[in-house]
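# Observations on the three-dimensional arrangement
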Amino acid sequence: QVQLVESGGGLVQPGGSLRLSCAASGNTLDHYAIGWFRQAPGKEREGVSCISSSPRTTYYGDSVKGRFTISRDNAKNMVYLQMMNLRPEDTGVYYCAADRRGPGAYCPDYWPQETIYDYWGQGTQVTVSS
């Protein structure tokens, strides 16, 4: 079992940057693909990014490509989401999620589907506003 805790959210002006962290405990992340999701008020939760364990293949939603970068440090049991050039529409609660896939732990083509993830964090609020 894996426990996930997100941090790093806050209030930022449009064009600003934030770095979200996802700390895992209870098990190592080597066998898990990790996804980041977000949910804006009144909207469904959407997939933002996914990172495989080995190799570190990364995937992004169209709305964040070129602005967000996902990374992971398995030795520290940490996953990060660097967010640049933030926009008001990036506002929402951001969640990390773990999908147990065994050695290699790749992100499948359908990585934005919430149902494939076994564990979820409680979320961290990101607000982009002037």
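Everything below is about the structure printed above this text.
Conventions adopted
- Residues numbered from 1 in each chain as written.
- Predicted model: local features only at pLDDT ≥ 70, side-chain atom pairs only at ≥ 80, totals over all residues.
- Heavy atoms only, no water.
- Pairing = 2+ DSSP bridges.
- Helix = DSSP H or I, 4+ residues; strand = E, 2+ residues; numbered from the N terminus.
- Axes fitted to C-alpha atoms, helices over the stretch in contact; angles between N-to-C directions.
- Salt bridge = Lys/Arg side-chain N within 4 Å of Asp/Glu carboxyl O.
- Buried < 20%, exposed > 50% of the residue type's maximum accessible area, 1.4 Å probe, protein only.
- Phe/Tyr/Trp six-rings, centres within 6.5 Å; stacked < 30°, edge-to-face > 60°.
- Lys NZ or Arg CZ within 6 Å of the ring centre and 35° of its normal.

## Remarks on the sheet that holds strand 1 (residues 3–7)
The 4 strands lie next to each other as 1-3-8-7, forming an open sheet whose pairing is antiparallel. The strands lining the two open edges of the sheet, one partner per strand, are strand 1 and strand 7 (68–73). Neighbour-to-neighbour, the strand axes of this sheet turn through a mean angle of 15°, independent of strand direction. As defined by bridge partners, strand 3 (residues 18–25) adjoins strand 8 (residues 78–83) across 6 bridges and the pair is classed as antiparallel.

## Quick notes on the pattern of salt bridges
In total, this model carries 6 salt bridges according to the counting rule given. Close ionic contact of Arg67 with Asp90 constitutes a salt bridge, the shortest N to O distance being 2.8 Å. Here Asp90 lies in the loop between strand 8 and strand 9 (92–100) and Arg67 lies in the loop between strand 6 (58–60) and strand 7, a separation of 23 residues in the sequence. As far as the burial class goes, Arg67 and Asp90 line up, both buried. Across the salt bridge formed by Asp99 and Arg101, the nearest N and O atoms sit 2.5 Å from each other.

## Quick notes on the packing of aromatic side chains
For any pair of aromatic rings, geometry is given as the distance between the ring centres together with the angle between the planes. Considering all chains together, one arrives at 5 aromatic pairs under this definition. With a centroid separation of 4.9 Å and an interplanar angle of 55°, the aromatic rings of Phe37 and Trp120 are classed as tilted. Of this pair, Phe37 sits in strand 4 (residues 32–39) while Trp120 is found in strand 10 (residues 119–120), placing the two residues 83 residues apart along the sequence. Phe37 sits in the buried class, given a relative accessible area of 0%. Members of the aromatic cluster, joined through ring pairs, are Phe37, Tyr95, Tyr117 and Trp120. In this arrangement the basic side chain of Arg19 is found over the ring face of Tyr80, its NZ or CZ atom lying 3.9 Å from the centre.

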